[in-house]
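Tertiary structure, described
So the chains spell out like this:
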Amino acid sequence: MSRTAMNPAKAALTKSLRREAGRWLKSAREAAGLTQAELAEKTGLRYYTFVSQVENGLGRVPIEAQAVWAESLGLDPSQFARTLLRYYEPELHRLLFEGVADADAPAVVERAAQG
């Protein structure tokens, strides 16, 4: 089965959501009083530039690393993963949590879709 190319609108939305995720992560890191290098060290990364890439929307926090990132930032791992899922996989998030209150998270998908 061949893989089809992503349509331009979906690609733009994905890019926008990754940038928003990066801004959210950067604000969480700054609120925790950590530099990129300190977060990299706490999460076991060899290079702090990975943190920079994620914060700039050029990468994502791997699923297997989300708990350690959350703990390093002083955040609840479950809520952290749920928030990242909203950015990284909005359709899956909608399917899993539609109608479930989520007080901490912004209306990410709606904002990204508007502009």
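Above this text sits the structure in question.
The following paragraphs examine the structure supplied in this document.

Definitions and cut-offs
- Within each chain, residue numbers correspond to sequence positions counted from 1 in written order.
- Restriction of local features to residues with pLDDT of at least 70 applies here, the model being predicted, together with a cutoff of 80 or more for giving and counting side-chain atom pairs; totals for whole chains, interfaces and linings are based on all residues.
- Side-chain metrics in this entry use all non-hydrogen atoms of the structure; hydrogen atoms and water are not considered.
- Among the buried residues, those of types Ala, Val, Leu, Ile, Met, Phe, Trp, Tyr and Cys that are joined through side-chain atoms within 4.5 Å form a nonpolar core.
- Each residue gets one of three labels from its accessible area relative to the maximum for its type: buried under 20%, exposed over 50%, partly exposed in between, using a 1.4 Å probe on protein chains only.
- Helical segments are the DSSP runs of H or I of at least four residues, strand segments are the runs of E of at least two, and each set is numbered from the N terminus.
- Contacts between residues were defined by any pair of non-hydrogen atoms, one from each residue, lying within 4.5 Å.
- Comment: axis = line fitted to C-alpha atoms, over the contacting stretch for helices; angle = value between 0 and 180 degrees taken between N-to-C directions.
- Working definition: roughly parallel below 35 degrees, roughly antiparallel above 145 degrees, roughly perpendicular at 65 to 115 degrees, and oblique for all remaining angles.
- Under the scheme applied here, ten amino acids are nonpolar (Ala, Val, Leu, Ile, Met, Phe, Trp, Tyr, Cys and Pro), four are charged (Asp, Glu, Lys and Arg), and all others, including Gly, are polar.

Bringing the nonpolar core into the picture now. Within the largest apolar cluster, 18 residues are counted, with the highest numbers of intra-cluster contacts made by Leu 25, Val 61, Trp 69, Leu 73, Phe 80 and Tyr 88. Counting only elements with at least two residues in this core, the list comes to α1 (8–31), α2 (36–42), α3 (49–55), α4 (66–72) and α5 (77–88). The contacts of Leu 73, once residues within four sequence positions are left out, are Leu 25, Ala 28, Arg 29, Ala 32, Leu 34, Leu 39 and Phe 80.

This part covers the packing of α1 against α5. If you want to describe how two helices pack, look at the angle between their axes and the distance between the axes. Packing of α1 against α5 leaves a shortest axis separation of 8 Å and a crossing angle of 155°. The angle between α1 and α5 places the two elements in the roughly antiparallel class. Residue-level contacts link Leu 17, Arg 18, Glu 20, Ala 21, Trp 24 and Leu 25 of α1 to Phe 80, Thr 83, Leu 84, Tyr 87 and Tyr 88 of α5. Taken together, the residues that form the contact of α1 with α5 break down as eight nonpolar, one polar and two charged.

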